[in-house]
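Chains, contacts and geometry: an overview
This is what each chain is made of:
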Amino acid sequence: MKFMASKPPKPAPAAPKVRPADEDGGSVVLERRTQKTKPPQMYQVVMLNDDYTPMEFVVVVIQEFFNKDRETATQIMLKIHLDGKGVCGVYSRDVAQSKVDQVQQAARQAGHPLQCVSEPVE
Ligand code: TYC
């Protein structure tokens, strides 16, 4: 038998351990949570009918303060005239209140009894 001058060959290196994706030690796990914050309460500005404010004034007010085109403003005004009230727009609480204030100031200045109110949307 021949004498071995060199060491016996090392065993092949072990294959790297592969961990499952959810156990890799460094990854970020995002939990699915039910949303806790509710969207803010919105308010509708409702305009009321009366027997004295001219239709044209109401149409102009709806165009000016609620950013509606003339046709849409006319439809809203006619709905108010026929049904007694109608929604001109839906906003956050502060914006809705400021629309009410603007309409009432314009109506008072022009000498018309036009009224509108802000109310929470269900
Ligand atoms: N009813 C009013 C008229 O006949 C018109 C009108 C419409 C007034 C809507 C107010 O919010 C209103 N001149």
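Refer to the structure above for everything that follows.
So, here is what we can say about the structure in this document.

Rules of the game
Residues numbered from 1 in each chain as written. Predicted model: local features only at pLDDT ≥ 70, side-chain atom pairs only at ≥ 80, totals over all residues. Heavy atoms only, no water. Helix = DSSP H or I, 4+ residues; strand = E, 2+ residues; numbered from the N terminus. Buried < 20%, exposed > 50% of the residue type's maximum accessible area, 1.4 Å probe, protein only. Lys, Arg positive; Asp, Glu negative; His and termini not counted. Salt bridge = Lys/Arg side-chain N within 4 Å of Asp/Glu carboxyl O. Contact = heavy atoms within 4.5 Å. Near = heavy atom within 4 Å. Polar contact = N/O pair within 3.5 Å; in protein donor to acceptor, adjacent residues only side chain to side chain. Areas by Shrake-Rupley, 256 points an atom, 1.4 Å probe, with all protein chains shown as cover. Nonpolar A, V, L, I, M, F, W, Y, C, P; charged D, E, K, R; others polar. Patch = residues over 30% accessible without salt bridge, like charges linked within 9 Å, V, L, I, M, F, W, Y side chains within 5 Å. Pairing = 2+ DSSP bridges. Axes fitted to C-alpha atoms, helices over the stretch in contact; angles between N-to-C directions.

A word on the side chain of Lys 99
With respect to the helices and strands, Lys 99 occurs in helix 3 (residues 93-110). Here Lys 99 sits buried without a salt bridge, and the closest side chain of opposite charge, Glu 64, lies 10.0 Å off (N-O distance). Leaving out residues up to four positions away in the same chain, Lys 99 has contacts with Val 45, Phe 65, Phe 66, Asn 67 and Tyr 91.

As for the site of the ligand
Near the ligand, the surroundings consist of Met 47, Leu 48, Asn 49, Asp 50, Thr 53, Met 55, Val 58, Met 77, Ile 80, His 81 and Leu 114. Backbone polar atom of Leu 48 to an oxygen atom of the ligand: 2.8 Å apart, as the coordinates give it. Between Asn 49 and the ligand, the recorded distance is 2.7 Å, taken from a side-chain N or O atom to a nitrogen atom. Calculation on the ligand without its partners gives an accessible area of 340 Å², and the protein chains cover 89% of this total. Going through the elements one at a time, strand 1 (43-48), helix 1 (55-66) and helix 2 (70-83) are the ones with two or more residues in the shell around the ligand. No other element matches helix 2, which puts three residues into the shell around the ligand. Split by residue class, the shell around the ligand holds seven nonpolar, three polar and one charged.

A few points about a nonpolar patch on the surface
A surface patch of nonpolar side chains, amounting to about 210 Å² of accessible area, comprises Met 42, Val 87 and Val 90. In this structure, Val 87 sits in strand 2 (residues 85-91).

A few points about the pattern of salt bridges
For the coordinates displayed, the defined rule picks out three salt bridges. Across the pair Lys 79 and Asp 83 runs a salt bridge whose closest N-O atoms are separated by 2.8 Å. Here the residue Lys 79 and the residue Asp 83 both occupy positions in helix 2, the gap between them amounting to four residues, near one helical turn. The partly exposed category is assigned to Lys 79, whose relative accessible area is 41%. When the shortest N-O distance is used, the salt bridge between Arg 93 and Asp 94 registers 4.0 Å.

Comments concerning the sheet that holds strand 3 (residues 115-120)
Strand order in the open sheet formed by three strands is 2-1-3, with antiparallel pairing between adjacent strands. At either margin of the open sheet sits one strand with a lone partner, and together these are strand 2 and strand 3. Between one strand and the next, the sheet's axes are offset by a mean angle of 25°, whatever the strand orientation. Of the pairings in the sheet, the one linking strand 1 to strand 3 comprises six bridges and is antiparallel in character. When the sheet's bridge partners are listed, Gln 44 is paired in strand 3 with Glu 119.

What about the pairing of strand 1?
Counting buried residues in strand 1 gives five out of six residues, a clear majority hidden from the surface. One ladder, built from six bridges, connects strand 1 with strand 2; its direction is antiparallel. Across the sheet, the residue bridging to Val 46 is Val 87, located in strand 2.

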